[in-house]
Amino acid sequence: MDTIMDDCISHPSSNESSFYTNVPSNLLYEDMKHVIGKSGRHLHLLCESTGVDKIWYNKGRRMFHVWGKRSCLPAASEALIAHMNKVTKRYNLIADDSLVYEAVSYTHLTLPT
């Protein structure tokens, strides 16, 4: 179940209200190059096709952060997960199933005007 969190965070690159969600990954860091693509190509294409503003990978948390309009986040999260699954199968990657993640949540950002 998706939940809206009350935490408000400033997003410096936009003058509009924005949301973000986290998408965990159980792939090893060495394999993320296949998911991200050269110079972030795959993430740029996912942004364009789903209408979100940004997607980036947090190496320390082993999690993707997806920023954009709330209405675009579910489709972007699903597309990112599908892309990770496709890459996993294509390159026969081994996932680290020992990791446990919390459910995906959405956070509203209120930006200064």
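Residues numbered from 1 in each chain as written. Predicted model: local features only at pLDDT ≥ 70, side-chain atom pairs only at ≥ 80, totals over all residues. Heavy atoms only, no water.

Draft legend 1. Structural context of the packing of aromatic side chains. Here the structure, examined in full by the defined rule, presents 3 aromatic pairs. For the pair Tyr57 and Phe64, a centre-to-centre distance of 4.9 Å together with 55° between the ring planes defines the contact as tilted. Residue Tyr57 shares its accessibility class with Phe64, and that shared class is buried. Sitting over the face of the ring of Tyr29, Lys59 holds its NZ or CZ atom 4.4 Å from the ring centroid. Its end group placed over the ring of Phe19, Arg70 keeps NZ or CZ at 5.9 Å from the ring centre. (Phe/Tyr/Trp six-rings, centres within 6.5 Å; stacked < 30°, edge-to-face > 60°. Buried < 20%, exposed > 50% of the residue type's maximum accessible area, 1.4 Å probe, protein only. Lys NZ or Arg CZ within 6 Å of the ring centre and 35° of its normal.)

Draft legend 2. How the structure looks around helix H2 (residues 41-50). Among the residues of H2, Leu43, Leu46, Cys47 and Thr50 are the ones counted as buried. Buried residues in H2, looked at end-on, bunch into an arc of 100°, giving them a common side. Relative to its buried face, H2 has exposed residues pointing more than 90 degrees away, namely Arg41, Glu48 and Ser49. Taken together, the buried residues of H2 touch helix H1 (32-36), strand E3 (54-58), strand E4 (63-68) and helix H3 (73-90). Among the residues trailing H2, Gly51 stands out with phi positive, at a value near 85°. (Helix = DSSP H or I, 4+ residues; strand = E, 2+ residues; numbered from the N terminus. Arc of directions from axis to C-beta. Contact = heavy atoms within 4.5 Å.)

Draft legend 3. Local environment of the nonpolar core. Counting 20 residues, the largest nonpolar core has Val35, Val52, Ile55, Phe64, Val66 and Leu80 as its most contacted members. Among the elements of the structure, strand E2 (18-24), H1, H2, E3, E4 and H3 are those that each provide at least two residues to this core. In terms of residues, this core owes the most to one element, H3, which gives 5 residues. Among all residues touching Ile55, those that are not within four sequence positions of it are Leu43, Leu46, Cys47, Phe64, His65, Val66 and Leu80. (Core = buried A, V, L, I, M, F, W, Y, C linked by side-chain atoms within 4.5 Å.)

Draft legend 4. Just the side chain of Thr50, in detail. Positionally, Thr50 belongs in helix H2. With relative accessibility at 14%, the residue Thr50 sits in the buried group. Within the structure, Thr50 has its side chain in polar contact with the backbone oxygen of Leu46 (distance 2.6 Å). Discounting residues that sit within four places of it in the chain, Thr50 has contacts with Cys72, Ala75, Ala76 and Ala79. (Polar contact = N/O pair within 3.5 Å; in protein donor to acceptor, adjacent residues only side chain to side chain.)

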